[in-house]
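Given next are the chains, with one letter for each unit.
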Amino acid sequence: MSKNWNTFEVLRHSRHDWLNRLQLIKGNLALDHIDRAKEIIEEIIIQSRQEAKLSNLNAPKLTEYILTFNWCNHLFQLDFEVIGDEYDISNYEAELIELVARCTEAIEAQVSYPADHHLLLTLQLYHEEIHLVFDFQGEYSNSHKLKTEFENVEINSAHLTRFEHSEDEVVSTFLIK
């Protein structure tokens, strides 16, 4: 499910990510693409705010899983957002980790090669109700099998409420309460 990261590995990956971002800004400034450099800075600010919102949910293992997902070899990039009221979701943390892990594994099983595949994971927080939305964009092999996998997720507090697909997108929503 999740790798046990030591402090050195976390710092190394984090430093690598920040250097990549700084190099993007520096490169755009060198090319006199000021507007693009400003966009990158704004993207960093938005991402940092989202990381803070995720960290404030009192679900440290879920936060670690999501924030370190892209540090491992996967066939798609994971992005996330937290929408709604921030509150303590620690009572649901184990189920959320299991749900995210099982769904990302199911999606990855339907992706045959690395390409420009993206998964946007959205935590929509409402009063004592969490909607977890998986929005995968990219090429995948079998939407019926993926839907079956999602429908067969047996986690007490999680229920699939929506599954839509097109040729290059799958959107599914789970209700957790």
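Going by the structure above, here's the rest.
Q: Teacher, can you tell me more about the state of the cysteines here?
A: As used here, a disulfide is simply a covalent bond connecting the sulfur atoms of two cysteines. Applying the stated criterion across every chain, the model contains zero disulfides. Between Cys 72, a cysteine without a disulfide, and Cys 103, which holds the nearest cysteine sulfur, the sulfur-to-sulfur distance is 18 Å. Classification of Cys 72 by relative accessible area gives partly exposed; the value is 31%. Owing to a relative accessible area of 0%, Cys 103 belongs among the buried residues under this scheme.

Q: Honestly, the environment of Tyr 92 in this entry has me stumped. Any pointers?
A: If you trace the backbone, Tyr 92 turns up in the loop between strand 1 (77-84) and helix 4 (93-109). Each C-alpha atom, one on Tyr 92 and one on Phe 80, is 18 Å from the other, the two residues being twelve residues apart in sequence. When neighbours within four sequence positions are excluded, Tyr 92 is seen to be in contact with Glu 128, Ile 130, Ser 157, Ile 176 and Lys 177.

Q: Would you take a moment to explain unusual backbone geometry for this structure?
A: Most peptide bonds take the trans configuration, and most residues that are not glycine carry a negative phi. With a phi close to 60 degrees, Asp 32 is a non-glycine residue in the positive phi region. When its relative accessible area of 58% is taken as the criterion, Asp 32 is described as exposed. Phi is positive for Asn 58, close to 60 degrees, though the residue is something other than glycine. When you line up the elements, Asn 58 lands in the loop between helix 2 (34-55) and helix 3 (60-68).

Criteria and thresholds
- Residues numbered from 1 in each chain as written.
- Predicted model: local features only at pLDDT ≥ 70, side-chain atom pairs only at ≥ 80, totals over all residues.
- Heavy atoms only, no water.
- Disulfide = S-S within 2.5 Å.
- Buried < 20%, exposed > 50% of the residue type's maximum accessible area, 1.4 Å probe, protein only.
- Helix = DSSP H or I, 4+ residues; strand = E, 2+ residues; numbered from the N terminus.
- Contact = heavy atoms within 4.5 Å.

None of the figures reported here should be taken as evidence of function without further support.
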